[in-house]
Amino acid sequence: MFSIYKTIHPPTSIEHAVWAHFISPLENNLILSSANHLYVYRIDNQTTKFECLHTFILWGNICTITPCRLGPLVKDALFLSFMDAKLSLIEFDSTIQDLKTLSMHYFEDELAKEGQWFNFSQPIVRVDPDMRCACMLIYNSKLVVIPFFSQLDREISTNDTFPSIAGLTPGGSRNPSLSSYIIHLKKLDTSLTGRIIDLQFLHSYYEPTLFILCESSRTWVGRVAVKKDTCCSVALSINVAQKSNPVIWPVDKLPYDCLSCLSVPKPIGGILVLATNSIIYLNQSIPAYGVALNTLTRDSTKYPLRPLYDLKIALDLAEAIFITNDKVLISIRTGDVYLLTLHTDTMRTMKEFTFDRIGSTVLCSCLCKCDDDLIFFGSRLGNSLLLRLNEKAIIDPTSIDTIETMNGDENINNGNDLAESTETINELSTKLDSIDSDLDIIIPNDKNDTIFFSSEFGTNESKKQSHTYSFDYCDNLLNIAPCGYAIIGEGDSEETRLVQRHLLPQYQTTQLDFVSTSGTSKSGSVSILQQTIKPELVTTQPLPGSIDMWTVYSSAKEYEQKPEHSFILISQETSTLIFQTGTDIIELEQGGFITNEQTIYCGNIGEQLIVQVTRLHLVLLRDSTQIQMISYENNPIRFATSLDRYLAILTTHGVIYIYILLQDDNEQPKLLEYHKLNDRKYTCINLYTDQSGLFTTTINSNVYSHTTKMNSPKQETFQSTKVSVTTNPLDSTEFSGGDDEDEWLYGGKTAEMPSTSAINTESMDSSNNLEPTINSLLTEKNEVNNETAKMIPITRWLIAMSKDGMLSMHELMSDETLLPNVRFEIARFNSALKILVDTQDTSPSMTNYLGKIETSCSAYVYELLMIGLGSKKDRVYLIARIDEDLILYEAFPYQYLPEDRLKLRFHRVTCNALVRTKKSSAKRNAAKRQKDAVQSQQNQGKQNVNPQELLPVQTDLIDDEMNEYQRMLLRPFNDVANHSGIFVCGTHPYWLIWSKGNLRAFPMNIDGPIKTFAAFNNDNCRNGYLYFNQRDDLRISMMPSKRILDTPWPLQRIPFKHTVHFLCYHVESKLYAATISTSEFTNTLVQPSGEDRESIIYQKESNFLLPSREQFYVQLYSAIKWESIPNARLTMNEWEHVTCMKTIALRFQGNLMKTYIAVGTANCFNEDVVSRGRMILFDIIEVVPEIDQPLTKHKLKIVHDREEKGPVTAVDSILGYLVAAVGQKVYIWQYQNNSLKGIAFVDIQIYCHRMVTIKNYILIGDVHKSIALLRYQEDMRVLSYVSRDSRQLDVFATDFFIDQTHVQFVATDSDRNMYIYAHAPTQKETQGGQWLLRKSDFHIGYSVASMTRMLVNTNSLTTKQNFENKQALLMPTLDGAIGCLIPLNEKIFRRLAMLQNSLTTMFPQYGGLNPKSFRTCKSRRKQLDNPQKNTLDGDLLWRYFDLSFIERNELLSRLGMQSDQFHEDLTDIARAATLF
């Protein structure tokens, strides 16, 4: 059996965040990482909303991101580290809008590992604040030092040169640069032999000085009584040139629970050590100062700490950053946020610490300070938030009240009104009673809550809190991670049932939902995901023979809000239907519209006028009154489009006519022929209005204000005039006195000046780290930008595609006497190259990965569309249908072009919309195109040019349908349920919806092929749309109101604000059961007394940090609105945990089967008390509902509840019997007379936590001992082992993997690998079937904790027989990604394996990472067998769609494949995985 693994939903949890000048030197970007994805965001200054600029997928999980500024660069580069010891330095190349690898460092060798096989410690990367060097800790024992400058750069540069980065830049002039070297820490100092906890560079030292926090000898909580204060620290003074690292400033006897350290910025300096129960400030020149955060420090450490009265927090899992040079923001693991202020006296001696409790937010995994008091809270467990920190001075210190912030759930109220999200929390807190419970607002602090803590006791009045702090909500990034447990549920909504009623039989299926648990504690929720968009039907009307449709506005009505559509035109074979809209939609019998011809275009022109274009006529109308008619009797029209005052017409002979609308006050408006283009044979046209200011022929710096893209490679050197800093560092600096002056005198700021000339990302002390000159320049430029941004000239463009593959852009002048000018031309546009450049571009970039291939491409461009998206319409996309692909480009500024040309380029954007049609029509299309080519060659042989030669038409829109004119399948829409984007009609319709900087592709396959689409706004259908399906049904529809479309898949979110552990769906009653736990503090402990046990209550002081206990319960919910069913809750005992829950089918009364829900529990007291568990079965019964409470018709009835001899850890049903893992045994029970009767059992390994059954086979997953296959023989009542894995494996999830008649077994483990096993008794290595045979191993890169199995979707595949009766495995992960494993035929597998091998080496991979090594299993134990590579990497294969057509053809010919074979295979796999 062969298979392919594809990530079908990207990860959403955020692990790292940095704020840096990454894309442009004039604007900071927020760079986020999630597993192996790197996201670059811009934060809009006006709206403070996120906008995604780029997404990069790397072949390795990112361990750390560290920004740095190298020598003459005006932008920041990023150090990315990867396991075990890999480091890449990347920067953003603005000429091609992609990442460029500057250097790669690889330190993985057997000597460095010192004999250990598996490395558990992640690399830690730190950059010197003065940008002199970087350090990376590898294997927790060695330190790699990477110098930034060469030997010559240590002296002050007096000539006009800058420090070289030749050692880092490929192709640079290589003067003897300093190479990286490794320091063996264990040889430096005896204290560094233990575990290294953290390291940081210290501020204001002459040499780079690294502070290392370590634990010299280990201890643990139970041993603290005899061994405490085991941590210590040293500082290394790193001399890069001489490679000497003297140890200075050793400190010992620090508390054993030290977690991390923070470098304190100038002017205070020193280091802040964060421990679980204390915070200690250390400085080499002044006494240390420490405070205790709770009373646990009395017994756990002897270090002198001052108590913080009434404060009761712990810093384990806390995140902390400096937001100014004396304020630290700390987010602790409960989500509470504190502001720690450091108070010093005039001698910089630490006087006291004060804590302010600001509020409570999401449980965060990273913190990042952005501009203007914006703080980003990145989270793995909830939505990531962008909040603004407000500081207010207090006049009366007695009335302190702070308002807590929200965890911004959804679009605040589940998508009903986006406007509410901008309300500040102060307004929200007043409306707390009236607002929907979806608002995740935590109640404000009470007046008597202490929210200010000082480390000095007896504070006098003057020392009381002087400021109050609060958060304002700005924006959020939705996160569905961690997906701990997922099931398939039923989408039981009224809307889908209405759609189902009208569907064709082949599309009528049960509407399924992918339902997963998300988040923990107060971020806990349930995510209901769908891959496709299912419309909410308003009404439907069959109109046979309809081909195309348009909706237009008119001047008949005065609108208060947004305009409503007045007419719907529906084009048929030989006629046109006109409908007037209002409260009812009625057909218009008479009027100025042409009704006896087929319409090929209709749209608005000017303000309120309508233009209708048929094959032979062109009509201008006001409302339904005809004003002007132009005839095209002898030159039929093929395609037309209108925009603003212009109308462009393409005739069947490839000539373009442009009309302009003239409107004088005293005359009738009329269309005037403005220009005629017949220099080439044109095949498609589009009109575009530019509001972004990108389409300009002048070189202006203004382009930075609305696009963050860098302009040219030359600007990346400091000699550029754009950011004009004079070349000699000594000339350019105004002495600012203080520390800076000292550094100039003693050489601290010699070659390092450029690094501090732009905003320093590591340091918070802006006064000392900003160069005055460049700072004032940037502020001036920003002021200029803000003024000019308001006056962006609006320009109008005609984009035309000619038959020879040349795309030209003509500027349409507003004055009809001036002729249009060609401003931009792209040769070979139909090749779909990576970067589109102007024909006059002097430095075209390398656009092919296979080298220079001078072959032409015969691909045909069917349709073009240029559209501006985003709030300011400043993200300009060019979308083209070339052959059977949808190709997307985005425009970006590029200044180095001749004067009269547009200063831009286009870069290719990955498009996930696969619109390829079935093979039959594709073949027919190719044959027709070949025939046309032969004919045209013959014609050219007879005479030079034939003006009457007609253009090829598209036959593959909908199978077996010929059209005489060019169909418009790309339909832009501006406001469908507050979303803008493009709808793609055809056999495989897609929505391309703009959300937060991403153009997301959602299929809409519920209604089959869609002929045509139009946006529609009316009283009865607000911001809806119309479409025709293949059966000519006109559907008036709206977007699904419950779904959020700001996510990779349409999402419905049910917030629980508690951790959800298990879900199961009860089919008969259409109800969900959820296992939920709430956390509460406890002061009781259970101890054994004889055979019984008793609870002992301990009395503790007020600020003792109590342990928490989880209280579990099972609750029923309705499937439609997820409302809890009254009186349907099953609460567990104290200390009792639910370990498993499943819907099972059991026999009762003979052979009748009935569905029950089984719950297994375990008592978790402590190690002295034997753990027991319960097996609970309950049924959901129907009763007579109470008055006005329809949900009370279902009730929960417990049919069995029994305590077992051990914990019940896994449960399922087999042949109508109940099978459960209890302790170290698996039992099979028969359910009779409300009791369970034992039938068979078998002994198993350590702890079975996963169990799946199929027929009479049971697959179990053990927490350490891998998987095993059991079989139950009913006739003999015997349960026995069939086969098991001989290796150790820490299994996370397991399931069957079914390919028609073959069955294999899949297991995922704690190291993010996936293994596929087979039972093969005939193979000798299995010893007669005793051991399972490993068939495939594959590194996923995400932790998979549950799996669900589904039949693949064969509805719209090219070759159905390749995928019939195969089952896909869906794998939700703890990072929020969803993977899919699909079985393949050997023929397809061999084909795609050749492609995968070619793609591995064909691309320059980001960071120099290797996809092959990324997919190799990472195992904790040495494996004695060879890797089995029977699983393909779908993520790598999907890069095939990013290749240009030239590269694809070259690849196909190299591999000996027929054309488009790979395209067909990959498209089929993608459609087979579209399951919801």
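Provided above is the structure to which this section pertains.
Residues numbered from 1 in each chain as written. Predicted model: local features only at pLDDT ≥ 70, side-chain atom pairs only at ≥ 80, totals over all residues. Heavy atoms only, no water.

Caption draft 1: Expanded view of a negative patch on the surface. On the surface, Asp-664, Asp-665, Glu-667, Asp-815 and Glu-816 cluster together to form a negatively charged patch. With respect to the helices and strands, the residue Asp-815 is situated in the loop between strand S50 (807-812) and strand S51 (821-826). Assessed through its relative accessible area of 34%, Asp-815 is described here as partly exposed. (Patch = residues over 30% accessible without salt bridge, like charges linked within 9 Å, V, L, I, M, F, W, Y side chains within 5 Å. Areas by Shrake-Rupley, 256 points an atom, 1.4 Å probe, with all protein chains shown as cover. Salt bridge = Lys/Arg side-chain N within 4 Å of Asp/Glu carboxyl O. Lys, Arg positive; Asp, Glu negative; His and termini not counted. Charge placed at Lys NZ, Arg CZ, Asp CG, Glu CD. Helix = DSSP H or I, 4+ residues; strand = E, 2+ residues; numbered from the N terminus. Buried < 20%, exposed > 50% of the residue type's maximum accessible area, 1.4 Å probe, protein only.)

Caption draft 2: Layout of the sheet that holds strand S76 (residues 1217-1222). Strand order in the open sheet formed by four strands is S75-S76-S77-S78, with antiparallel pairing between adjacent strands. In this open sheet, the two strands that pair with only one neighbour each are strand S75 (1208-1214) and strand S78 (1235-1243). The average angle at which neighbouring strand axes cross in this sheet is 25 degrees, direction not considered. The sheet contact formed by S75 and S76 spans six bridges and is antiparallel. Directly across from Asp-1212, in S76, lies its bridge partner Val-1219. (Pairing = 2+ DSSP bridges. Axes fitted to C-alpha atoms, helices over the stretch in contact; angles between N-to-C directions.)

Caption draft 3: Broad picture of the side chain of Thr-1155. By the secondary structure assignment, Thr-1155 is in strand S72 (residues 1152-1163). At 2.9 Å, the side chain of Thr-1155 and the side chain of Glu-1068 are in polar contact. If we skip the residues at most four places from it in the chain, Thr-1155 touches His-1066, Glu-1068, Thr-1143, Ile-1144, Ala-1145 and Asp-1179. (Polar contact = N/O pair within 3.5 Å; in protein donor to acceptor, adjacent residues only side chain to side chain. Contact = heavy atoms within 4.5 Å.)

Caption draft 4: A look at the pattern of salt bridges. One pass over the full model with this rule turns up 64 salt bridges. A salt bridge links Asp-1019 to Arg-1022, with the shortest nitrogen-to-oxygen separation between them at 2.9 Å. With a shortest N-O distance of 2.3 Å, Arg-1287 and Asp-1425 are connected by a salt bridge. Of the two residues, Arg-1287 sits in the loop between strand S82 (1278-1284) and strand S83 (1291-1299) while Asp-1425 sits in the loop between helix H14 (1411-1414) and strand S90 (1431-1433), which places them 138 residues apart along the sequence. Judged by its relative accessible area of 32%, Asp-1425 is partly exposed. One salt-bridge network, in which partners are shared between bridges, spans Arg-42, Glu-51, Asp-874, Arg-875 and Glu-890.

Caption draft 5: Spotlight on the nonpolar core. In terms of nonpolar packing, the biggest core is built from 87 residues, with Leu-1392, Leu-1399 and Tyr-1440 touching the most fellow members. Here the element with the most residues in this core is helix H13 (residues 1386-1402); it accounts for six residues. (Core = buried A, V, L, I, M, F, W, Y, C linked by side-chain atoms within 4.5 Å.)

Caption draft 6: Just the sheet that holds strand S88 (residues 1367-1372), in detail. Taking strand neighbours across the sheet as the criterion, the five strands line up as S87-S88-S89-S1-S90 in an open arrangement whose pairing is mixed. Whereas interior strands pair on both sides, the edge strands pair on one side only; in this sheet they are strand S87 (1348-1351) and S90. Taken over all neighbouring pairs, the strand axes of this sheet differ in orientation by 30 degrees on average, direction set aside. Relative to strand S89 (residues 1378-1384), strand S1 (residues 2-9) runs antiparallel, the two sharing seven bridges. Bridged to Ser-3 within S89 is Pro-1383. Where H13 meets the sheet, its contacts fall on S1, S89 and S90, and the angle it forms with S90 comes to roughly 40 degrees.

Caption draft 7: Focus on the packing of aromatic side chains. Evaluated as defined, the whole model comprises 48 aromatic pairs. Ring geometry for Phe-514 against Phe-1476: centres 5.6 Å apart, planes inclined by 55 degrees, an arrangement best described as tilted. In this pair, Phe-514 is assigned in strand S33 (residues 512-518) and Phe-1476 in the segment after helix H17 (1461-1472), connecting sequence segments 962 residues apart. Like Phe-514, the residue Phe-1476 is buried in the burial classification. These aromatic residues form a ring-pair network of at least three members: Phe-973, Phe-983, Trp-991, Phe-1013, Tyr-1025 and Tyr-1027. (Phe/Tyr/Trp six-rings, centres within 6.5 Å; stacked < 30°, edge-to-face > 60°.)

Caption draft 8: Molecular detail of H13. In this model H13 runs 24 Å from its N-terminal to its C-terminal C-alpha over 17 residues, within 8% of the 24 Å that 1.5 Å per residue would give. Buried residues of H13: Ile-1388, Phe-1389, Arg-1391, Leu-1392, Leu-1395, Gln-1396, Ser-1398, Leu-1399, Thr-1400 and Met-1402, and no others. (Expected span 1.5 Å × (residues − 1).)

Caption draft 9: Representation of the pairing of strand S62 (residues 1021-1029) in the model. Within S62, eight of the nine residues are buried, which leaves it mostly tucked inside the rest of the structure. Looking at chain direction, strand S61 (residues 1010-1018) and S62 are connected through seven bridges and run antiparallel. When the sheet's bridge partners are listed, Ile-1010 is paired in S62 with Asn-1029. Linkage of S61 to S62, two consecutive antiparallel strands, is achieved through a turn of two residues. In terms of strand pairing, S62 meets strand S63 (residues 1033-1038) through four bridges, oriented antiparallel.

Caption draft 10: Region of interest: the pairing of strand S29 (residues 384-393). As paired strands, strand S28 (residues 374-378) and S29 are joined by four bridges and run antiparallel to one another. Within S29, the position partnered with Phe-376 by the bridge is Leu-386. Examined bridge by bridge, S29 and strand S31 (residues 467-477) share ten bridges and lie antiparallel to one another. The residue of S31 that forms the bridge with Leu-389 is Phe-471.

Caption draft 11: Main features of unusual backbone geometry. With omega at -5 degrees, the peptide bond leading from Met-83 into Asp-84 counts as cis. Its place among the elements puts Asp-84 in the loop between strand S7 (77-82) and strand S8 (86-93). The omega angle of the peptide bond from Lys-266 to Pro-267 is 5 degrees, so this bond is cis rather than trans. Relative to the assigned elements, Pro-267 resides in the loop between strand S18 (258-263) and strand S19 (271-275). Phi is positive for Arg-828, close to 50 degrees, though the residue is something other than glycine. For Arg-828, a relative accessible area of 30% gives the class partly exposed. Although it is not a glycine, Asn-1365 adopts a positive phi angle of roughly 60 degrees. With respect to the secondary-structure elements, Asn-1365 resides in the loop between S87 and S88.

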